[in-house]
Amino acid sequence: MAKQTGIVDNGKLYAYRLPGEKKFFDFALKVDPDYHGFKGICFVSPPRHPHMIKGKLGKKTATGFTFIADKDAYAPGEWEFVELTYENFRDEFCKICMDGGESVLAEVSNTEELIEFYRNLE
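Residues numbered from 1 in each chain as written. Predicted model: local features only at pLDDT ≥ 70, side-chain atom pairs only at ≥ 80, totals over all residues. Heavy atoms only, no water.

Draft legend 1. Highlighting unusual backbone geometry. Along the chain, Pro 46 connects to Pro 47 via a cis peptide bond; the corresponding omega equals 10 degrees. With respect to the helices, strands and loops of the structure, Pro 47 is situated in the loop between strand 3 (40–45) and strand 4 (49–60). Of note in the backbone geometry, His 36 takes a positive phi value of approximately 50 degrees without being a glycine. Secondary-structure assignment places His 36 in the loop between strand 2 (26–32) and strand 3. We classify His 36 as exposed; its relative accessible area is 72%. (Helix = DSSP H or I, 4+ residues; strand = E, 2+ residues; numbered from the N terminus. Buried < 20%, exposed > 50% of the residue type's maximum accessible area, 1.4 Å probe, protein only.)

Draft legend 2. Layout of the pairing of strand 5 (residues 64–69). For strand 5, the buried fraction is high: 5 of the 6 residues fall into the buried class. Across 4 bridges, the pairing between strand 4 and strand 5 is antiparallel. By the bridge assignment, Gly 55 is partnered in strand 5 with Ala 69. Between strand 4 and strand 5, which pair antiparallel and follow one another directly, the connecting turn spans 3 residues. (Pairing = 2+ DSSP bridges.)

Draft legend 3. Main features of the environment of Lys 22. Position of Lys 22 among the secondary structure elements: in the loop between strand 1 (14–17) and strand 2. Expressed as a C-alpha distance, the spacing of Lys 22 and Trp 79, which sit 57 residues apart in the sequence, is 11 Å.

Draft legend 4. Seen up close, the packing of aromatic side chains. As enumerated under the stated definition, the model contains 17 aromatic pairs in all. On the basis of an interplanar angle of 70 degrees and a centroid distance of 6.3 Å, the ring pair of Tyr 74 and Trp 79 is categorised as edge-to-face. Taking relative accessible area as the criterion, Tyr 74 reaches 52% and is therefore assigned exposed. Note on Trp 79: relative accessible area 1%, which makes it buried. (Phe/Tyr/Trp six-rings, centres within 6.5 Å; stacked < 30°, edge-to-face > 60°.)

Structure below.
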């Protein structure tokens, strides 16, 4: 069962953008703003790249949420997390992938399969 807060659902797949950047940077799985009491956010960028960023949750947005990284954390400032769906992955976020997402799109046809595809990379 996915862990949910009022803003974050760690069963979802997100794309994230670092402060001051125009383009989204990478994907995030297992997003957890309360991992064993850590004061920040923890997540995994597929296939196996864990992150622990000090800071606090910002606000819920129409498409996801924001996170405010501490001034002494990696990439301080406001990060934007957008929940991925099959449609927005296909239309926009697949560009983050090295091959333009072609290999992913050949394997999946809906949001659940997209999330499962990235979970299986772990």
